[in-house]
Amino acid sequence: MEKSEFKLSKISNVMLGVRELARSVAFYRDQLGLAVQFEIPGFAFLNAGGVTLCLSESLARALAKPNEPLGGVAELVFSVEDIEVGFEALSARGVKFIRSPHHVTEAQWAANFEDPDGHMLSIFGPRDTTNKTK
């Protein structure tokens, strides 16, 4: 392949800086349901459905200012088959939503929450209206 033909085509990992790895692993594993693929000192790798989510204490130490939130101008969006089912299931696991399900596009809804370090997260998907009176 010539240099001019090279292009990036797939994101394989998303890395988030975290202050306390154990706390963040517990959140993503126990509250969001992501499977931990493996851990090494200072890092945890989770299966996020075709993309690996890497939690990194060293990234936070290298880039973050002390006592300031780590979340920035990025958002991780998780697809769900039914926004209400996802919202109810995550709420029951203790996820505190900052915005409940709201209409975003013609067929898609979203609900927003943060991880323990202030990273913006959301669930995004349709609202199943079959056999519902809502």
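In the block above lies the structure referred to throughout.
Conventions used here
- Residues numbered from 1 in each chain as written.
- Predicted model: local features only at pLDDT ≥ 70, side-chain atom pairs only at ≥ 80, totals over all residues.
- Heavy atoms only, no water.
- Helix = DSSP H or I, 4+ residues; strand = E, 2+ residues; numbered from the N terminus.
- Buried < 20%, exposed > 50% of the residue type's maximum accessible area, 1.4 Å probe, protein only.
- Contact = heavy atoms within 4.5 Å.
- Areas by Shrake-Rupley, 256 points an atom, 1.4 Å probe, with all protein chains shown as cover.
- Pairing = 2+ DSSP bridges.
- Axes fitted to C-alpha atoms, helices over the stretch in contact; angles between N-to-C directions.
- Arc of directions from axis to C-beta.
- Polar contact = N/O pair within 3.5 Å; in protein donor to acceptor, adjacent residues only side chain to side chain.
- Core = buried A, V, L, I, M, F, W, Y, C linked by side-chain atoms within 4.5 Å.

1. Notes on the overall build of the chain
Part 1: Counting its regular elements, the chain contains three helices and eight strands.
Part 2: With the C-alpha coordinates of the chain rotated into their principal frame, the extents come out at 50 × 45 × 25 Å.
Part 3: Here the chain, with 134 residues, has 32% of them falling under the buried criterion.
Part 4: Of the contacts made within the chain by residues no fewer than 6 positions apart, 53% connect residues no fewer than 24 positions apart.
Part 5: When the accessible surface of the chain is split by element, carbon and sulfur atoms take 54% of a total near 8700 Å².

2. A look at the sheet that holds strand E7 (residues 109-114)
Part 1: Pairing is mixed across the open sheet formed by four strands, whose spatial order is E5-E8-E7-E6. Every interior strand has two partners, whereas the edge strands, strand E5 (75-79) and strand E6 (97-103), have only one. In this sheet, adjacent strand axes meet at a mean angle of 20 degrees when their direction is disregarded.
Part 2: Looking at chain direction, E7 and strand E8 (residues 120-125) are connected through six bridges and run antiparallel.

3. Observations concerning helix H1 (residues 21-31)
Part 1: Leu21, Ser24, Val25, Phe27, Tyr28 and Gln31 are the residues of H1 that are buried.
Part 2: One or two steps after H1, the chain reaches Gly33, where phi turns positive at roughly 85 degrees.

4. Side note on the sheet that holds strand E2 (residues 35-40)
Part 1: Spatially, the four strands line up as an open sheet ordered E1-E4-E3-E2, and their pairing is mixed. This sheet does not close on itself; its edge strands, each paired only once, are strand E1 (13-17) and E2. Within the sheet, the average angular offset between the axes of one strand and its neighbour, ignoring direction, is 20 degrees.

5. What about helix H3 (residues 83-92)?
Part 1: Every buried residue of H3 is listed here: Ile83, Glu84, Gly86 and Leu90. Considered in projection along H3, the buried side chains sweep an arc of 160 degrees and stay on one side of the axis.
Part 2: On its buried side, H3 packs onto H1, E6, E7 and E8.
Part 3: The distance from a side-chain oxygen at the start of H3 to the backbone nitrogen of Glu84 is 2.9 Å, and the residue carrying that oxygen is Asp82.
Part 4: Downstream of H3 by one or two residues, Gly94 has phi in the positive range, about 95 degrees.

6. Some points on the nonpolar core
Part 1: Counting residues in hydrophobic clusters, the biggest one holds 22 residues, and the most contacted among them are Tyr28, Leu32, Leu53, Leu55 and Phe113.
Part 2: When contributions to this core are tallied by element, the ones reaching two or more residues are H1, strand E3 (43-47), strand E4 (52-56), H3, E7 and E8.
Part 3: Among the elements that take part in this core, H1 stands out by supplying four residues, more than any other.

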